[in-house]
Amino acid sequence: MCGIVGYIGDKNAVKAVIHGLHKLEYRGYDSVGIGVIEKNKVKIYKDKGRVKTLDNIVPKNLNTSLAIGHTRWATHGKPSKLNAHPQSDCKNEIAIVHNGIIENFGELKQILKKEGHNFKSETDSEVLAHLIEKFYGETKDLAKAVKITLDKINGTYGIVVISSKEPDKMIVARSSSPIIIGVGKGENFVASDATAVIKYTKKIIYIDDGEMAIVTKDNIDIFNKDNIRIDKKIESLNWSAKEVEKNGYPTFMLKEIYEQPKSFTNTLAGHIDLENGTSHLGGMQNLFPDNEIHNIKRIVIIGCGTSWHAGLMGEYYFENMTGLPTEVEYASEFRYRNPAIDSETFVIGISQSGETADTLAALREAKGKGAKVFGIVNVVGSTISREVDEGLYIHVGPEIGVASTKAFLSQVLALFLVSLYIGRKKRLSIEDGIKFGKQLQKIPSIIDEVLQSTQAQIKKIADKYCKYTNFLYLGRGFNFPVALEGALKLKEISYVHAEGYPAGEMKHGPIALIDKDFPTFFIAPNDNFFQKSISNIQEIKARNGKLILLTDDNAKVDEGLVDDIIRIPTIDEEFYPFIETIPVQLFAYYIAIKKNRDVDKPRNLAKSVTVE
Ligand code: AGP
């Protein structure tokens, strides 16, 4: 939530920061601003709106060597010019950009007001600027003033601070909100994540909680929470700048849907061991050497949103292949309970961004209780990837569309691989393991086939159904998490109400909603539950419900029973989620496009939810 960027160096700082803000816009996009030091004065240009708003408010010839920028997802104070960042002190000598929440801002604001500070915004962040102003008055040292300020606040932050009194530096700090430093030659960058700087440098330093850095054009000094200077590794990023462009697609979401054959292949690469009918997972080997895997008595999977849906799929895989009791937990619930976790619990955290605050906190909680914690993460170097004991990167490349697509598919695949690994050590035969491995290798070309064969039809179906304001998504077994994911996709990008349910639950309540204006998207390939699903379809039709059926080529369906039918290839039932997800994503996408929605940046949402 909120994207922050900073640049110091020989290039045009304003241009570099605006470029970075465009790349970080997926983190929040209700207001935007940049701050520079020009002729020894802090100047701030900001307003409500998206990054392109800056084109109208930043002077064309503005060219400085130091700039900071912010794209906001409002927490405290509605989107407005005054609440946009940078926030500044009374004398307009200090400017800050902040991602996070200052929990004790109310009391600090009262004290500062009594001391004569003049507040301009409703934000929590503004107290940072005034506190730094106050302590700068006492120390005449920007870094010291920032350090004292951070010691006074409770909450989360990634911040960048500049001052006209020390115009050759940025002060950077983090606590629970991500910050990276991009290392250049004669220039350095700061950002919420590496997508903002990848055009300029692939050398990245990941700042950890409690650390603070003084960044000048030629130097980066990093200090730990005890204010001791530390050396940190410079990591090399293997993403290319092209991956953060649309490359001819109208939206990132469509590009990412179409990338799935490739992203699935990337996740799978190097992990299939056909000889032993298992998966090769270095992280699992390290975590459970020898026979330690037999100490696992229970599996708990933790995530939020789409990652939680992937986790639900994992539950089916783990129970089928390993026989271990498996639970899937919403991170935001798990962390505030007193969960029964011990050293015999294997905890798997799933997060595309690797920065989701609730997931991170839940995994910390589990680790604190002695569990072995494994991460399934996309963003390399993200906080979760660094804090878990071991993990598996899904390597799908940057996912920019706010609605998760390619990450979901690969999260499910990663869970399948972990489940295969444990399963083979428990009760799965080598023959079954080999069969699964071979089938997984065929999935990318089947995904491609589904993309080609269903796209035009789904577009037409979406045109037909875009007038409806409610949808029910149903599925049984493996198809149930796909139903949940379909409903979430539709909600978040088209703002149409949709509910996902296990089909067998329909008669326990949702059936009351069914009438001619409440269509159902039913996911029912010809698997073990198919006949039961057909009975549910009959029940829907008996109540005049409209019905779209997603099924496979071999399923025998009385086509008079359904209004629209989408067919996908017939495969083994464990693998249907990998290909059913495609039509479900495309359906949500085309409904949203038909409704003229901004699918990459749906209202009120942000890609990376770093507030609790
Ligand atoms: C997915 O379409 C959503 N935007 C959202 O539910 C997301 O999956 C959730 O916020 C978790 O994010 P993470 O995977 O980065 O932790």
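Residues numbered from 1 in each chain as written. Predicted model: local features only at pLDDT ≥ 70, side-chain atom pairs only at ≥ 80, totals over all residues. Heavy atoms only, no water.

A look at the overall build of the chain
As a reminder, the rule being used: For helices the rule is a DSSP run of H or I covering at least 4 residues; for strands it is a run of E covering at least 2, with both sets numbered from the N terminus onward. Atoms considered for the radius of gyration are the C-alpha atoms alone. The globule rule reads 2.2 Å times the number of residues to the power 0.38. A simple rule labels every residue: compare its accessible area, found with a 1.4 Å probe on the protein chains alone, to the largest value its type can have, and call it buried under 20%, exposed over 50%, or partly exposed in between. We call two residues in contact whenever any of their non-hydrogen atoms come within 4.5 Å of each other. With residues, only the protein chains shown are counted as cover, and all accessible areas are computed by Shrake-Rupley using a 1.4 Å probe.
For the chain, the count of helices and strands is 17 helices and 27 strands. Over its C-alpha atoms the chain spans a radius of gyration of 25 Å, differing by no more than 12% from the 25 Å that the globule rule assigns to 612 residues. Counting only C-alpha atoms and orienting by the principal axes, one finds that the chain spans roughly 75 × 60 × 40 Å. Here the chain holds 612 residues, and the buried ones make up 62% of them. A separation of at least 24 residues holds for 71% of the contacts in the chain among residues at least 6 apart in sequence. For the chain, the accessible area works out to roughly 23000 Å², and carbon and sulfur atoms hold 47% of it.

Notes on the packing of helix α4 (residues 126-139) against helix α5 (residues 142-152)
Here is the rule: Axis definition: a line fit to C-alpha positions, over the contact stretch in the case of helices; interaxial angles, taken between N-to-C directions, run 0 to 180 degrees. Angular relationships are summarised with four words: roughly parallel below 35 degrees, roughly antiparallel beyond 145, roughly perpendicular across 65 to 115, and oblique for the angles in between. Here is the rule for handedness: rotate from the far helix to the near one, and if that takes an anticlockwise turn smaller than a right angle the crossing is left-handed, while a clockwise turn gives right-handed. Side-chain classes follow a simple rule in which Ala, Val, Leu, Ile, Met, Phe, Trp, Tyr, Cys and Pro form the nonpolar group, Asp, Glu, Lys and Arg form the charged group, and the remainder, Gly included, forms the polar group.
Taken N-terminus to C-terminus, the directions of α4 and α5 make an angle of 125°; their axes are 8 Å apart at the nearest point. In this view, α4 runs oblique relative to α5, as classed from their interaxial angle. Once α4 is placed against α5, the crossing between them reads as right-handed. The segment α4 lies against α5, with Leu128, Leu131, Ile132, Phe135, Tyr136 and Thr139 engaging Leu142, Lys144, Ala145, Val146, Ile148, Thr149 and Lys152. Of the residues contributing to the contact of α4 with α5, the split by class is nine nonpolar, two polar and two charged.

Comments concerning the site of the ligand
Here is the rule: Residues are classed as near a molecule or strand on a simple rule: at least one heavy atom within 4 Å of it. Polar contact is the term for a pair of N or O atoms within 3.5 Å; when the atoms are in protein, one must be able to donate a hydrogen and the other to accept it, and sequence-neighboring residues count only if both atoms are side-chain atoms. Annotation comment: domain bounds sourced from an automatic or database domain assignment.
Around the ligand sit 14 residues, and of these Ser307, Ser351, Ser353, Thr356 and Glu492 come closest. Backbone polar atom of Val402 to a nitrogen atom of the ligand: 3.0 Å apart, as the coordinates give it. Residue Lys489 places a side-chain N or O atom 3.0 Å away from an oxygen atom belonging to the ligand. Contact with the protein chains covers 92% of the free accessible surface of the ligand, which is 410 Å². Looking at the shell around the ligand, the elements that each hand over two or more residues are α9 (305-322) and α15 (479-494). When the residues that make up the shell around the ligand are grouped by side-chain class, the tally is four nonpolar, eight polar and two charged. Counting only domains with at least three residues in the shell around the ligand, you end up with domain 2 (246-428) and domain 3 (449-612).

Some words on helix α14 (residues 430-465)
Formally: Between the first and last residue of a helix there are one fewer steps than residues, each counted as 1.5 Å, and that sum is the expected span. In this scheme, the bend at a residue equals the angle between the axes fitted to the seven residues that finish there and the seven that begin there.
With 36 residues, α14 extends just 46 Å between its outermost C-alpha atoms, more than 12% less than the 52 Å of an ideal straight helix rising 1.5 Å per residue. Taking the largest bend as the criterion, α14 deviates by roughly 45°, centred on Thr454.

Let's talk about unusual backbone geometry
Cis geometry is found at the peptide bond from His85 to Pro86, where omega equals 0°. Within the secondary structure, Pro86 sits in the loop between β4 (66-72) and β5 (87-88). Although it is not a glycine, Lys39 sits at a positive phi angle of roughly 50°. The residue Lys39 is located in the loop between β2 (31-38) and β3 (41-48) in this model. We classify Lys39 as exposed; its relative accessible area is 74%.

Things to note about the pairing of strand β24 (residues 497-502)
Put simply, the rule is: When DSSP locates at least two bridges between a pair of strands, those strands are taken to pair. Place the viewer so that the strands point away; then a crossover is right-handed whenever the path from the first strand over the helix to the second strand goes clockwise.
Where strand β23 (residues 470-475) and β24 come together, six bridges link them in parallel fashion. Considered in β24, the bridge of Asn470 is made with His497. Tracing the backbone out of β23, into α15 and back to the parallel element β24 gives a crossover that is right-handed.

Re the sheet that holds strand β19 (residues 326-330)
Reading across the sheet, the five strands line up as β19-β18-β20-β21-β22 and stay open at both edges, with parallel pairing between neighbours. The open sheet has two edge strands, β19 and β22 (390-393), and neither has a second partner. For this sheet, the mean angle separating the axes of adjacent strands, direction not counted, is 20°. Two strands pair when backbone bridges link them, and strand β20 (residues 345-351) and strand β21 (residues 372-377) are joined in this way by six bridges, in the parallel orientation. In the sheet register, Phe346 faces β21, and the bridge partner there is Lys372. Relative to the sheet, α9 contacts β18 (298-303), β19 and β20, its axis offset from that of β19 by approximately 170°.

Digging into the pattern of salt bridges
Stated precisely, the cut-off is as follows: Salt bridges are identified by distance alone: a Lys or Arg side-chain nitrogen within 4 Å of an Asp or Glu carboxyl oxygen.
A complete count under the given rule lists 35 salt bridges for this structure. When the shortest N-O distance is used, the salt bridge between Arg364 and Asp209 registers 3.1 Å. Of this pair, Arg364 sits in helix α11 (residues 357-368) while Asp209 sits in the loop between β11 (203-206) and β12 (212-215), and the two are 155 residues apart along the sequence. As a salt-bridge pair, Lys406 and Glu259 come within 2.6 Å of each other at their nearest N and O atoms. With Lys406 in helix α13 (residues 406-426) and Glu259 in the loop between α6 (252-258) and α7 (260-268), this pair connects stretches of sequence that are 147 residues apart. The pair Lys406 / Glu259 is uniform in exposure class, with both members buried. What emerges from the salt-bridge pattern is a single network uniting Arg174, Asp209, Arg364 and Glu387.

Re the sheet that holds strand β8 (residues 170-175)
Read from one edge of the open sheet, seven strands run β5-β6-β7-β8-β12-β13-β14, paired in antiparallel fashion. The sheet terminates laterally at β5 and β14 (229-230), the two strands that pair on one side only. With five bridges joining them, strand β7 (residues 157-163) and β8 adopt antiparallel strand pairing. Opposite Gly158, over in β8, you have Arg174 as the bridge partner. The sheet strands contacting α4 are β5, β6 (94-99) and β7, and the helix crosses β6 at an angle near 140°. Of the strands in this sheet, β7, β8 and β12 are in contact with α5, which crosses β7 at around 150°.

Details of the domain arrangement of the chain
To keep it simple, the criterion reads: Buried area counts how much accessible surface, traced with a 1.4 Å probe, disappears from two parts once they are put together, with both parts' losses summed.
Segmentation of the chain into domains returns domain 1 (3-244), domain 2 (246-428) and domain 3 (449-612). The distance between the C-alpha centroids of domain 1 and domain 2 comes to 32 Å. Contacts between the two partners involve 14 residues from domain 1 and, on the opposite side, 14 residues from domain 2. Together domain 1 and domain 2 conceal approximately 1400 Å² of surface at their shared face, both sides included; 54% is due to carbon and sulfur atoms. If you look at where domain 1 meets domain 2, you find two salt bridges. Where domain 1 touches domain 2, the interface holds four residue pairs in polar contact (both at pLDDT 80 or more). Of the residues that constitute the side of domain 1 that touches domain 2, the class distribution is seven nonpolar, two polar and five charged.

Some words on the environment of Gly77
If you trace the backbone, Gly77 turns up in the loop between β4 and β5. Residues Gly77 and Tyr29 lie 48 residues apart in sequence; the distance between their C-alpha atoms is 14 Å. Residues within four places of Gly77 in sequence aside, it is in contact with Arg72, Asn83 and Glu122.

Section: the pairing of strand β10 (residues 187-191)
Within β10, five of the five residues are buried, which leaves the element mostly enclosed by the surrounding structure. Residues Glu187, Phe189 and Ala191 of β10 are buried on one face, and the alternating residues Asn188 and Val190, pointing to the opposite face, are buried as well. As judged from the five bridges shared by strand β1 (residues 3-9) and β10, these two strands associate in the antiparallel manner. In the strand pairing of β10, Gly6 is matched with Val190.

Quick look at the side chain of Thr356
Along the polypeptide, Thr356 turns up in the loop between β20 and α11. A distance of 3.4 Å separates polar atoms of two side chains, one belonging to Thr356 and the other to Ser353.

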